[in-house]
Amino acid sequence: MQDKGISISALYQGLSKGEDLTLNNPVLIQGWVRTNRNSKAIGFLEINDGSCFKGIQVVYDDKLENFDAVTHYLTGACLSVRGELVLTPGMKQPFEVHASSVTLLGDASEDYPLQKKRHSLEYLREIAHLRPRTNTFSAVFRVRSVLARAIHEYFMDNGFVYVHTPCITGNDAEGAGQVFTVVTDAEDPYKDFYGKKASLTVSGQLHVESFALAFGKVYTFGPTFRAEKSNTTRHASEFWMIEPEMAFADLDDDMDVMEGCLKYCISYVLDKCPDEMEFFDKFVAPGTIEKLKNVLAKDFVRLDYTDGIKYLEEAVKNGHKFDNSKIEWGMDLQSEHEKYLTEEVVKGPLFLKNYPAAIKAFYMKLNPDGKTVAAVDCLVPGEGEIIGGSQREDDYEKLKAKMATQENPESLEWYLNLRKWGGCVHSGFGIGFDRLLMYITGMANIRDTEPYPRTFGNLKY
Ligand code: 4AD
Ligand code: MG
(Lines give C-alpha, C1' and ligand atoms only; values in the text may rest on other atoms or scores of the structure.)
(Ligands and ions follow the chains in the order given, each with its own letter.)
Protein backbone atom coordinates (compact mmCIF):
# COMPACT_ATOMS: atom_id res chain seq x y z
CA MET A 1 0.00 0.00 0.00
CA GLN A 2 1.22 3.45 -0.88
CA ASP A 3 1.22 6.16 1.74
CA LYS A 4 -1.15 8.70 0.26
CA GLY A 5 -0.55 11.45 2.77
CA ILE A 6 -3.09 14.22 3.21
CA SER A 7 -4.84 16.10 0.43
CA ILE A 8 -4.74 19.87 0.19
CA SER A 9 -8.54 19.88 0.19
CA ALA A 10 -8.57 17.99 3.51
CA LEU A 11 -6.33 20.70 4.96
CA TYR A 12 -8.67 23.44 3.78
CA GLN A 13 -11.69 21.55 5.09
CA GLY A 14 -10.00 21.11 8.46
CA LEU A 15 -9.22 24.80 8.55
CA SER A 16 -12.81 25.79 7.83
CA LYS A 17 -14.00 23.50 10.63
CA GLY A 18 -11.57 25.18 13.02
CA GLU A 19 -9.45 22.03 13.53
CA ASP A 20 -5.84 22.29 14.70
CA LEU A 21 -4.09 21.36 11.45
CA THR A 22 -0.68 21.11 13.08
CA LEU A 23 -1.86 17.92 14.80
CA ASN A 24 -1.34 16.28 11.39
CA ASN A 25 2.39 17.02 11.52
CA PRO A 26 4.54 15.93 9.89
CA VAL A 27 2.42 15.95 6.70
CA LEU A 28 2.94 14.17 3.41
CA ILE A 29 1.81 16.05 0.29
CA GLN A 30 1.99 14.59 -3.21
CA GLY A 31 1.33 16.50 -6.38
CA TRP A 32 2.65 18.36 -9.38
CA VAL A 33 4.92 21.37 -9.47
CA ARG A 34 3.32 24.54 -10.77
CA THR A 35 6.32 26.77 -10.03
CA ASN A 36 9.72 26.48 -8.40
CA ARG A 37 11.49 29.69 -7.37
CA ASN A 38 14.74 29.62 -5.50
CA SER A 39 17.84 31.46 -4.48
CA LYS A 40 21.09 30.19 -3.03
CA ALA A 41 19.87 28.75 0.22
CA ILE A 42 16.06 28.70 0.05
CA GLY A 43 13.37 27.74 -2.42
CA PHE A 44 9.57 27.83 -2.84
CA LEU A 45 7.55 25.19 -4.64
CA GLU A 46 3.94 25.73 -5.57
CA ILE A 47 2.38 22.25 -5.57
CA ASN A 48 -1.07 21.31 -6.77
CA ASP A 49 -2.47 17.88 -5.97
CA GLY A 50 -5.78 18.26 -7.81
CA SER A 51 -7.88 17.65 -4.70
CA CYS A 52 -9.08 21.24 -4.85
CA PHE A 53 -8.54 24.34 -6.90
CA LYS A 54 -5.92 25.77 -4.59
CA GLY A 55 -2.34 24.57 -4.29
CA ILE A 56 0.09 24.72 -1.42
CA GLN A 57 3.42 26.46 -0.97
CA VAL A 58 6.36 24.30 0.08
CA VAL A 59 9.38 26.06 1.53
CA TYR A 60 12.69 24.18 1.33
CA ASP A 61 16.23 25.11 2.18
CA ASP A 62 19.80 23.93 1.89
CA LYS A 63 19.42 21.68 4.93
CA LEU A 64 17.88 19.18 2.47
CA GLU A 65 20.59 16.79 1.34
CA ASN A 66 19.24 16.97 -2.24
CA PHE A 67 18.74 20.76 -2.13
CA ASP A 68 20.62 21.30 -5.39
CA ALA A 69 18.58 18.72 -7.22
CA VAL A 70 15.31 20.15 -5.84
CA THR A 71 16.16 23.62 -7.14
CA HIS A 72 16.19 22.04 -10.61
CA TYR A 73 12.81 20.31 -10.44
CA LEU A 74 10.75 21.82 -13.22
CA THR A 75 7.12 22.78 -13.70
CA GLY A 76 5.14 19.59 -14.26
CA ALA A 77 7.32 17.27 -12.16
CA CYS A 78 5.53 14.97 -9.73
CA LEU A 79 6.79 15.22 -6.15
CA SER A 80 6.29 13.77 -2.72
CA VAL A 81 6.97 16.21 0.10
CA ARG A 82 7.22 15.58 3.83
CA GLY A 83 7.42 18.38 6.34
CA GLU A 84 5.88 20.55 9.00
CA LEU A 85 2.59 22.24 8.27
CA VAL A 86 2.96 25.81 9.43
CA LEU A 87 0.03 28.19 9.82
CA THR A 88 0.60 31.55 8.17
CA PRO A 89 -2.34 33.72 9.21
CA GLY A 90 -2.55 37.02 7.38
CA MET A 91 -0.58 35.72 4.39
CA LYS A 92 -2.00 35.01 0.94
CA GLN A 93 -2.26 31.31 1.80
CA PRO A 94 -3.34 30.27 5.31
CA PHE A 95 -0.63 27.61 5.66
CA GLU A 96 2.52 26.27 4.06
CA VAL A 97 4.80 23.27 4.39
CA HIS A 98 8.39 23.51 5.57
CA ALA A 99 9.95 20.54 3.85
CA SER A 100 12.07 17.96 5.63
CA SER A 101 12.28 15.85 2.47
CA VAL A 102 11.39 16.31 -1.18
CA THR A 103 11.32 13.19 -3.36
CA LEU A 104 11.03 13.19 -7.12
CA LEU A 105 8.35 10.71 -8.25
CA GLY A 106 8.21 11.67 -11.90
CA ASP A 107 10.52 14.07 -13.66
CA ALA A 108 9.31 16.66 -16.18
CA SER A 109 11.71 17.75 -18.85
CA GLU A 110 12.28 21.24 -20.16
CA ASP A 111 10.02 20.64 -23.12
CA TYR A 112 6.98 20.21 -20.82
CA PRO A 113 4.32 22.01 -22.84
CA LEU A 114 2.74 23.84 -19.90
CA GLN A 115 4.91 26.63 -18.66
CA LYS A 116 4.09 29.28 -16.09
CA LYS A 117 2.92 31.83 -18.68
CA ARG A 118 -0.68 32.17 -19.85
CA HIS A 119 -1.43 29.79 -22.70
CA SER A 120 -4.25 30.35 -25.17
CA LEU A 121 -7.28 28.06 -25.03
CA GLU A 122 -6.55 27.06 -28.65
CA TYR A 123 -3.03 25.96 -27.71
CA LEU A 124 -4.34 24.04 -24.70
CA ARG A 125 -6.83 22.15 -26.90
CA GLU A 126 -3.83 20.71 -28.68
CA ILE A 127 -2.60 19.24 -25.40
CA ALA A 128 -5.88 17.94 -24.06
CA HIS A 129 -4.05 15.27 -22.04
CA LEU A 130 -2.20 17.92 -20.03
CA ARG A 131 -4.66 20.79 -19.80
CA PRO A 132 -6.42 19.43 -16.67
CA ARG A 133 -3.25 20.57 -14.89
CA THR A 134 -3.97 24.22 -15.63
CA ASN A 135 -6.09 26.47 -13.44
CA THR A 136 -8.74 26.95 -16.11
CA PHE A 137 -9.29 23.29 -16.84
CA SER A 138 -8.90 22.20 -13.26
CA ALA A 139 -11.86 24.50 -12.62
CA VAL A 140 -13.85 23.41 -15.69
CA PHE A 141 -13.57 19.69 -15.08
CA ARG A 142 -14.22 19.86 -11.36
CA VAL A 143 -17.35 21.91 -12.02
CA ARG A 144 -18.30 19.39 -14.70
CA SER A 145 -18.12 16.62 -12.11
CA VAL A 146 -20.02 18.60 -9.48
CA LEU A 147 -22.68 19.54 -12.04
CA ALA A 148 -23.20 15.88 -12.94
CA ARG A 149 -23.77 15.16 -9.27
CA ALA A 150 -26.22 18.07 -9.03
CA ILE A 151 -28.22 16.60 -11.90
CA HIS A 152 -28.44 13.18 -10.28
CA GLU A 153 -29.32 14.64 -6.89
CA TYR A 154 -32.03 16.86 -8.33
CA PHE A 155 -33.77 14.06 -10.17
CA MET A 156 -33.28 11.35 -7.56
CA ASP A 157 -34.45 13.64 -4.75
CA ASN A 158 -37.55 14.39 -6.79
CA GLY A 159 -38.49 10.75 -7.29
CA PHE A 160 -37.11 10.16 -10.79
CA VAL A 161 -35.71 6.74 -11.72
CA TYR A 162 -32.39 6.77 -13.60
CA VAL A 163 -32.55 4.71 -16.80
CA HIS A 164 -29.58 3.68 -18.93
CA THR A 165 -30.83 3.96 -22.47
CA PRO A 166 -28.69 2.28 -25.14
CA CYS A 167 -25.93 3.98 -27.11
CA ILE A 168 -26.44 1.70 -30.09
CA THR A 169 -29.87 1.95 -31.62
CA GLY A 170 -31.92 0.89 -34.61
CA ASN A 171 -33.74 4.21 -35.00
CA ASP A 172 -33.05 7.91 -35.48
CA ALA A 173 -34.99 9.37 -32.57
CA GLU A 174 -34.96 12.98 -33.75
CA GLY A 175 -35.71 12.05 -37.34
CA ALA A 176 -33.06 14.54 -38.42
CA GLY A 177 -30.85 12.01 -40.18
CA GLN A 178 -27.69 13.11 -38.40
CA VAL A 179 -26.65 9.67 -37.26
CA PHE A 180 -23.33 7.86 -37.11
CA THR A 181 -23.67 4.38 -38.51
CA VAL A 182 -22.21 1.49 -36.55
CA VAL A 183 -20.37 -1.14 -38.59
CA THR A 184 -18.14 -4.03 -37.55
CA ASP A 185 -16.03 -4.23 -40.66
CA ALA A 186 -14.83 -1.03 -42.29
CA GLU A 187 -13.81 -3.00 -45.39
CA ASP A 188 -17.27 -4.40 -45.76
CA PRO A 189 -19.79 -2.06 -44.12
CA TYR A 190 -22.72 -4.10 -45.34
CA LYS A 191 -21.63 -7.17 -43.45
CA ASP A 192 -23.84 -6.43 -40.52
CA PHE A 193 -23.91 -7.53 -36.91
CA TYR A 194 -27.52 -6.91 -36.04
CA GLY A 195 -29.09 -7.87 -39.33
CA LYS A 196 -30.19 -4.27 -39.77
CA LYS A 197 -28.79 -0.78 -39.88
CA ALA A 198 -27.40 0.28 -36.50
CA SER A 199 -26.43 3.74 -35.36
CA LEU A 200 -25.20 5.66 -32.35
CA THR A 201 -28.02 7.29 -30.45
CA VAL A 202 -28.92 10.93 -31.11
CA SER A 203 -31.29 10.92 -28.13
CA GLY A 204 -32.47 8.46 -25.51
CA GLN A 205 -35.93 9.99 -25.48
CA LEU A 206 -37.95 7.34 -27.25
CA HIS A 207 -36.48 4.58 -25.13
CA VAL A 208 -36.95 6.53 -21.92
CA GLU A 209 -40.58 7.39 -22.76
CA SER A 210 -41.53 3.75 -22.41
CA PHE A 211 -39.97 3.72 -18.94
CA ALA A 212 -41.94 6.85 -17.98
CA LEU A 213 -45.08 4.85 -18.75
CA ALA A 214 -43.94 2.31 -16.17
CA PHE A 215 -42.19 4.35 -13.47
CA GLY A 216 -43.96 7.71 -13.87
CA LYS A 217 -40.84 9.86 -13.63
CA VAL A 218 -37.55 8.86 -15.21
CA TYR A 219 -34.40 10.36 -16.67
CA THR A 220 -31.49 9.26 -18.73
CA PHE A 221 -28.08 10.93 -18.63
CA GLY A 222 -25.42 9.80 -21.01
CA PRO A 223 -23.44 10.36 -24.17
CA THR A 224 -25.22 11.35 -27.36
CA PHE A 225 -23.84 11.40 -30.88
CA ARG A 226 -24.72 13.63 -33.80
CA ALA A 227 -23.01 13.75 -37.15
CA GLU A 228 -23.73 17.46 -37.50
CA LYS A 229 -21.19 19.10 -39.72
CA SER A 230 -21.63 22.39 -37.89
CA ASN A 231 -18.34 23.94 -37.01
CA THR A 232 -19.59 26.21 -34.26
CA THR A 233 -18.65 26.90 -30.67
CA ARG A 234 -21.79 25.06 -29.48
CA HIS A 235 -21.86 21.83 -31.48
CA ALA A 236 -19.99 18.66 -30.66
CA SER A 237 -20.47 15.33 -32.38
CA GLU A 238 -20.34 13.57 -29.01
CA PHE A 239 -21.97 15.36 -26.10
CA TRP A 240 -23.85 14.47 -22.93
CA MET A 241 -27.55 14.92 -22.57
CA ILE A 242 -29.95 14.64 -19.63
CA GLU A 243 -33.42 13.56 -20.72
CA PRO A 244 -36.16 13.48 -18.10
CA GLU A 245 -39.58 12.15 -19.01
CA MET A 246 -42.76 12.44 -16.93
CA ALA A 247 -46.12 10.76 -17.17
CA PHE A 248 -49.17 12.90 -16.30
CA ALA A 249 -47.27 16.08 -17.18
CA ASP A 250 -48.07 18.74 -19.77
CA LEU A 251 -45.92 21.50 -21.23
CA ASP A 252 -46.34 23.78 -18.19
CA ASP A 253 -45.25 20.99 -15.86
CA ASP A 254 -42.32 20.38 -18.19
CA MET A 255 -41.16 24.01 -17.96
CA ASP A 256 -41.55 23.96 -14.17
CA VAL A 257 -39.16 21.01 -13.95
CA MET A 258 -36.70 22.59 -16.41
CA GLU A 259 -36.62 25.77 -14.38
CA GLY A 260 -36.39 23.93 -11.07
CA CYS A 261 -33.55 21.77 -12.35
CA LEU A 262 -31.54 24.66 -13.81
CA LYS A 263 -31.89 26.70 -10.64
CA TYR A 264 -30.92 23.72 -8.48
CA CYS A 265 -27.81 23.10 -10.59
CA ILE A 266 -26.76 26.74 -10.51
CA SER A 267 -27.18 27.02 -6.72
CA TYR A 268 -25.39 23.73 -6.24
CA VAL A 269 -22.34 24.78 -8.23
CA LEU A 270 -22.20 28.25 -6.64
CA ASP A 271 -22.32 26.57 -3.24
CA LYS A 272 -19.89 23.70 -3.86
CA CYS A 273 -17.35 25.38 -6.15
CA PRO A 274 -16.75 28.89 -4.80
CA ASP A 275 -13.05 28.97 -5.74
CA GLU A 276 -13.67 27.77 -9.27
CA MET A 277 -16.59 30.16 -9.79
CA GLU A 278 -14.55 33.07 -8.46
CA PHE A 279 -11.83 32.14 -10.96
CA PHE A 280 -14.30 32.13 -13.87
CA ASP A 281 -15.77 35.40 -12.70
CA LYS A 282 -12.34 37.02 -12.53
CA PHE A 283 -10.49 35.56 -15.49
CA VAL A 284 -12.88 33.89 -17.92
CA ALA A 285 -16.17 35.77 -18.08
CA PRO A 286 -16.50 38.73 -15.72
CA GLY A 287 -20.03 39.04 -14.38
CA THR A 288 -20.74 35.30 -14.42
CA ILE A 289 -21.62 35.04 -10.73
CA GLU A 290 -23.94 38.03 -10.86
CA LYS A 291 -25.56 36.65 -14.01
CA LEU A 292 -26.25 33.32 -12.27
CA LYS A 293 -27.56 34.97 -9.11
CA ASN A 294 -29.98 36.99 -11.25
CA VAL A 295 -31.19 33.79 -12.87
CA LEU A 296 -31.92 32.34 -9.42
CA ALA A 297 -33.82 35.43 -8.35
CA LYS A 298 -36.40 35.56 -11.12
CA ASP A 299 -39.06 33.43 -12.78
CA PHE A 300 -38.13 32.58 -16.36
CA VAL A 301 -40.15 34.39 -19.00
CA ARG A 302 -42.45 32.09 -21.01
CA LEU A 303 -43.20 33.37 -24.49
CA ASP A 304 -45.07 31.88 -27.44
CA TYR A 305 -43.11 31.50 -30.67
CA THR A 306 -45.82 33.59 -32.35
CA ASP A 307 -45.17 36.47 -29.95
CA GLY A 308 -41.41 36.00 -30.43
CA ILE A 309 -41.93 36.53 -34.15
CA LYS A 310 -43.83 39.74 -33.38
CA TYR A 311 -40.89 41.06 -31.33
CA LEU A 312 -38.52 40.25 -34.19
CA GLU A 313 -40.73 41.94 -36.76
CA GLU A 314 -40.92 44.96 -34.49
CA ALA A 315 -37.12 44.99 -34.18
CA VAL A 316 -36.68 44.96 -37.96
CA LYS A 317 -39.24 47.75 -38.27
CA ASN A 318 -37.18 49.79 -35.78
CA GLY A 319 -34.04 49.34 -37.84
CA HIS A 320 -32.42 46.34 -36.12
CA LYS A 321 -30.21 44.50 -38.60
CA PHE A 322 -30.20 40.70 -38.69
CA ASP A 323 -28.23 38.70 -41.28
CA ASN A 324 -31.61 37.21 -42.06
CA SER A 325 -34.11 40.03 -41.69
CA LYS A 326 -36.92 38.28 -43.51
CA ILE A 327 -38.97 37.47 -40.44
CA GLU A 328 -42.07 35.39 -41.05
CA TRP A 329 -44.23 33.03 -39.06
CA GLY A 330 -43.14 29.46 -39.69
CA MET A 331 -39.42 30.19 -39.98
CA ASP A 332 -36.85 28.31 -37.95
CA LEU A 333 -35.17 30.92 -35.76
CA GLN A 334 -31.47 31.47 -36.34
CA SER A 335 -29.16 32.01 -33.41
CA GLU A 336 -29.14 35.79 -34.09
CA HIS A 337 -32.91 35.82 -33.56
CA GLU A 338 -32.69 33.74 -30.39
CA LYS A 339 -29.92 36.03 -29.18
CA TYR A 340 -32.06 39.10 -29.79
CA LEU A 341 -34.98 37.64 -27.84
CA THR A 342 -32.93 36.59 -24.82
CA GLU A 343 -30.44 39.43 -24.75
CA GLU A 344 -32.50 42.41 -25.89
CA VAL A 345 -36.13 41.55 -25.13
CA VAL A 346 -36.01 39.33 -22.05
CA LYS A 347 -32.45 39.93 -20.77
CA GLY A 348 -32.30 36.50 -19.21
CA PRO A 349 -33.33 32.88 -19.78
CA LEU A 350 -36.41 32.47 -21.92
CA PHE A 351 -38.83 29.63 -22.59
CA LEU A 352 -39.95 29.96 -26.20
CA LYS A 353 -42.89 27.64 -26.80
CA ASN A 354 -45.61 26.45 -29.15
CA TYR A 355 -43.55 26.32 -32.33
CA PRO A 356 -44.89 25.66 -35.83
CA ALA A 357 -45.33 21.91 -36.22
CA ALA A 358 -43.43 21.86 -39.50
CA ILE A 359 -40.07 22.83 -37.95
CA LYS A 360 -40.22 20.45 -34.98
CA ALA A 361 -39.85 16.70 -34.43
CA PHE A 362 -42.60 14.21 -35.29
CA TYR A 363 -43.32 13.12 -31.70
CA MET A 364 -44.47 16.51 -30.41
CA LYS A 365 -48.07 17.08 -29.36
CA LEU A 366 -50.19 18.92 -31.90
CA ASN A 367 -51.95 21.87 -30.26
CA PRO A 368 -55.70 22.45 -30.73
CA ASP A 369 -54.89 25.18 -33.29
CA GLY A 370 -53.77 22.40 -35.62
CA LYS A 371 -50.58 24.20 -36.68
CA THR A 372 -48.35 24.51 -33.62
CA VAL A 373 -46.92 21.87 -31.33
CA ALA A 374 -46.45 21.91 -27.55
CA ALA A 375 -42.69 22.27 -27.80
CA VAL A 376 -40.41 24.49 -25.74
CA ASP A 377 -36.79 25.56 -26.03
CA CYS A 378 -34.96 27.17 -23.16
CA LEU A 379 -32.77 29.94 -24.58
CA VAL A 380 -30.10 31.78 -22.61
CA PRO A 381 -28.16 34.97 -23.34
CA GLY A 382 -24.80 34.47 -24.98
CA GLU A 383 -25.50 30.92 -26.02
CA GLY A 384 -28.98 30.30 -27.33
CA GLU A 385 -30.67 26.93 -26.85
CA ILE A 386 -29.57 24.82 -23.91
CA ILE A 387 -32.76 22.75 -23.47
CA GLY A 388 -35.27 21.40 -25.95
CA GLY A 389 -38.44 19.65 -24.86
CA SER A 390 -42.08 18.99 -25.55
CA GLN A 391 -45.30 17.40 -24.56
CA ARG A 392 -45.48 14.15 -26.54
CA GLU A 393 -48.16 13.25 -29.05
CA ASP A 394 -50.29 10.73 -27.14
CA ASP A 395 -52.98 10.29 -29.80
CA TYR A 396 -52.37 7.04 -31.65
CA GLU A 397 -53.79 8.11 -35.01
CA LYS A 398 -52.11 11.52 -35.06
CA LEU A 399 -48.74 10.03 -34.17
CA LYS A 400 -49.16 7.28 -36.74
CA ALA A 401 -49.84 9.85 -39.46
CA LYS A 402 -46.80 11.89 -38.45
CA MET A 403 -44.59 8.82 -38.34
CA ALA A 404 -45.60 7.83 -41.84
CA THR A 405 -43.61 10.82 -43.08
CA GLN A 406 -40.47 9.51 -41.31
CA GLU A 407 -37.86 7.25 -42.80
CA ASN A 408 -38.33 3.68 -41.63
CA PRO A 409 -41.51 4.05 -39.50
CA GLU A 410 -41.70 0.29 -38.94
CA SER A 411 -38.62 0.49 -36.71
CA LEU A 412 -40.73 2.60 -34.34
CA GLU A 413 -43.81 0.41 -34.22
CA TRP A 414 -43.08 -0.35 -30.56
CA TYR A 415 -43.03 3.38 -29.79
CA LEU A 416 -46.33 3.98 -31.53
CA ASN A 417 -47.89 1.10 -29.62
CA LEU A 418 -47.21 2.82 -26.31
CA ARG A 419 -50.19 5.01 -27.32
CA LYS A 420 -52.35 1.94 -27.60
CA TRP A 421 -51.41 0.27 -24.33
CA GLY A 422 -51.88 2.57 -21.36
CA GLY A 423 -50.75 5.86 -22.83
CA CYS A 424 -51.29 9.20 -21.07
CA VAL A 425 -50.36 12.87 -21.27
CA HIS A 426 -46.60 12.94 -20.88
CA SER A 427 -43.73 15.33 -21.43
CA GLY A 428 -39.99 15.54 -21.27
CA PHE A 429 -36.94 17.46 -22.34
CA GLY A 430 -33.25 17.24 -23.10
CA ILE A 431 -30.60 19.40 -21.45
CA GLY A 432 -27.33 19.70 -23.32
CA PHE A 433 -24.99 19.02 -20.41
CA ASP A 434 -21.94 20.57 -22.07
CA ARG A 435 -23.93 23.66 -23.01
CA LEU A 436 -25.21 23.98 -19.46
CA LEU A 437 -21.61 23.78 -18.27
CA MET A 438 -20.67 26.53 -20.75
CA TYR A 439 -23.44 28.70 -19.40
CA ILE A 440 -22.48 28.19 -15.76
CA THR A 441 -18.74 28.65 -16.21
CA GLY A 442 -18.82 31.29 -18.94
CA MET A 443 -16.51 29.18 -21.11
CA ALA A 444 -17.29 30.27 -24.66
CA ASN A 445 -16.45 27.11 -26.61
CA ILE A 446 -17.87 23.63 -26.15
CA ARG A 447 -14.38 22.29 -26.98
CA ASP A 448 -13.26 23.70 -23.65
CA THR A 449 -15.92 21.98 -21.57
CA GLU A 450 -15.39 18.38 -22.70
CA PRO A 451 -12.35 16.39 -21.60
CA TYR A 452 -11.64 15.16 -25.11
CA PRO A 453 -13.94 17.03 -27.51
CA ARG A 454 -15.12 15.34 -30.67
CA THR A 455 -16.16 17.88 -33.27
CA PHE A 456 -16.45 17.98 -37.03
CA GLY A 457 -13.01 17.28 -38.47
CA ASN A 458 -11.38 16.70 -35.10
CA LEU A 459 -10.64 13.39 -33.42
CA LYS A 460 -7.31 14.02 -31.77
CA TYR A 461 -6.66 11.69 -28.82
O1 4AD B 1 -33.19 19.91 -28.94
P2 4AD B 1 -32.65 18.53 -29.01
O3 4AD B 1 -32.27 17.99 -30.35
O4 4AD B 1 -33.75 17.62 -28.33
C5 4AD B 1 -33.76 16.25 -28.23
O6 4AD B 1 -32.84 15.53 -28.56
C7 4AD B 1 -34.97 15.72 -27.54
N8 4AD B 1 -35.04 14.28 -27.82
C9 4AD B 1 -34.89 16.02 -26.08
C10 4AD B 1 -36.06 15.49 -25.32
O11 4AD B 1 -37.13 16.06 -25.39
N12 4AD B 1 -35.88 14.41 -24.57
O13 4AD B 1 -31.39 18.40 -28.06
C14 4AD B 1 -31.50 18.71 -26.70
C15 4AD B 1 -30.34 19.58 -26.26
C16 4AD B 1 -30.24 20.91 -27.01
O17 4AD B 1 -31.08 21.86 -26.42
C18 4AD B 1 -28.79 21.25 -26.82
O19 4AD B 1 -28.55 21.85 -25.56
C20 4AD B 1 -28.11 19.89 -26.83
O21 4AD B 1 -29.11 18.93 -26.56
N22 4AD B 1 -27.50 19.62 -28.13
C23 4AD B 1 -26.18 19.66 -28.37
N24 4AD B 1 -25.14 19.93 -27.56
C25 4AD B 1 -23.91 19.90 -28.11
N26 4AD B 1 -23.64 19.56 -29.37
C27 4AD B 1 -24.65 19.28 -30.24
N28 4AD B 1 -24.38 18.94 -31.48
C29 4AD B 1 -25.99 19.32 -29.73
N30 4AD B 1 -27.20 19.08 -30.27
C31 4AD B 1 -28.09 19.26 -29.29
MG1 MG C 1 -33.56 21.52 -30.11
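See the structure shown above.
Residues numbered from 1 in each chain as written. Chains lettered and ligands numbered in written order. Predicted model: local features only at pLDDT ≥ 70, side-chain atom pairs only at ≥ 80, totals over all residues. Heavy atoms only, no water.

**Thoughts on the overall build of the protein**
Right, on to step 1. A count of helices and strands for the protein gives 13 helices and 15 strands.
Right, on to step 2. When its C-alpha atoms are laid out on the principal axes, the protein stretches across 85 × 60 × 40 Å.
Right, on to step 3. Of all 461 residues assigned to the protein, the portion counted as buried reaches 50%.
Right, on to step 4. Long-range pairs, those at least 24 residues apart, make up 67% of the contacts in the protein between residues at least 6 apart in sequence.
Right, on to step 5. A total of about 22500 Å² of accessible surface is found on the protein, and carbon and sulfur atoms cover 52% of it.
Right, on to step 6. In the protein, 52 positive and 67 negative side-chain charges are present, and the distance between their average locations comes to 2 Å. (Helix = DSSP H or I, 4+ residues; strand = E, 2+ residues; numbered from the N terminus. Buried < 20%, exposed > 50% of the residue type's maximum accessible area, 1.4 Å probe, protein only. Contact = heavy atoms within 4.5 Å. Areas by Shrake-Rupley, 256 points an atom, 1.4 Å probe, with all protein chains shown as cover. Lys, Arg positive; Asp, Glu negative; His and termini not counted. Charge placed at Lys NZ, Arg CZ, Asp CG, Glu CD.)

**A closer look at the sheet that holds strand 1 (residues 27-38)**
Right, on to step 1. Pairing is mixed in the closed barrel, where five strands are placed in the order 1-2-3-5-4. The mean angle between the axes of side-by-side strands here comes to 55 degrees, regardless of whether they run parallel or antiparallel.
Right, on to step 2. Contacts from helix 1 (residues 8-16) reach strand 1, strand 2 (42-48), strand 3 (56-61), strand 4 (78-87) and strand 5 (95-106) within the one sheet, and its direction differs from that of strand 5 by about 165 degrees. (Pairing = 2+ DSSP bridges. Axes fitted to C-alpha atoms, helices over the stretch in contact; angles between N-to-C directions.)

**Section: the site of ligand 1**
Right, on to step 1. In the vicinity of ligand 1, 24 residues are found, and the nearest of them are Glu174, Gln205, Glu228, Glu243 and Glu385.
Right, on to step 2. In the environment of ligand 1, a nitrogen atom lies 2.7 Å from a nitrogen or oxygen atom belonging to the side chain of Glu243.
Right, on to step 3. Separating an oxygen atom of ligand 1 from a backbone N or O atom of Gly388 is a distance of 3.4 Å.
Right, on to step 4. Isolated, ligand 1 exposes 620 Å² of accessible area, and the fraction of that covered by the protein chains is 94%.
Right, on to step 5. Assessed atom by atom at 2 Å from the grid points, ligand 1 resides in the second largest pocket.
Right, on to step 6. Looking at the shell around ligand 1, the elements with two or more residues in it are strand 10 (238-247), strand 14 (384-391) and strand 15 (426-432).
Right, on to step 7. Of all the elements, strand 14 adds the most residues to the shell around ligand 1, at five residues.
Right, on to step 8. Classifying every residue of the shell around ligand 1 by side-chain character gives eight nonpolar, eight polar and eight charged. (Near = heavy atom within 4 Å. Polar contact = N/O pair within 3.5 Å; in protein donor to acceptor, adjacent residues only side chain to side chain. 1 Å grid on protein atoms, 1.4 Å probe; cavity = no way out; pocket = protein on both sides within 12 Å on 5 of 7 lines; lining within 4 Å. Sits in = over half its atoms within 2 Å of the grid points. Nonpolar A, V, L, I, M, F, W, Y, C, P; charged D, E, K, R; others polar.)

**Description of helix 1**
Right, on to step 1. Among all positions in helix 1, only Ile8, Ser9, Leu11, Tyr12 and Gly14 are buried.
Right, on to step 2. Remark: Gly18 follows helix 1 within two positions and exhibits a positive phi of approximately 75 degrees.

**Considering the packing of aromatic side chains**
Right, on to step 1. Inspection of the entire model under this criterion finds 24 aromatic pairs.
Right, on to step 2. Judged by centre distance (5.6 Å) and plane angle (50 degrees), the ring pair of Tyr452 and Tyr461 falls under tilted.
Right, on to step 3. Members of the aromatic cluster, connected to one another through ring pairs, are Tyr154, Phe155, Phe160, Tyr162, Tyr219, Tyr264 and Tyr268.
Right, on to step 4. The ring of Tyr355 has Lys360 lying over it, and the distance from NZ or CZ to the ring centre is 4.2 Å. (Phe/Tyr/Trp six-rings, centres within 6.5 Å; stacked < 30°, edge-to-face > 60°. Lys NZ or Arg CZ within 6 Å of the ring centre and 35° of its normal.)

**Details of the pattern of salt bridges**
Right, on to step 1. Going through the model one piece at a time under the given rule, you end up with 23 salt bridges.
Right, on to step 2. A salt bridge links Lys310 to Asp307, with the shortest nitrogen-to-oxygen separation between them at 3.6 Å. In this pair, Lys310 and Asp307 both sit in helix 9 (residues 305-317), three residues apart, roughly one turn of the helix.
Right, on to step 3. Looking at Asp307, the relative accessible area reads 32%, which means it is partly exposed.
Right, on to step 4. The network of salt bridges with shared partners includes Glu209, Glu245, Arg392 and Arg419. (Salt bridge = Lys/Arg side-chain N within 4 Å of Asp/Glu carboxyl O.)

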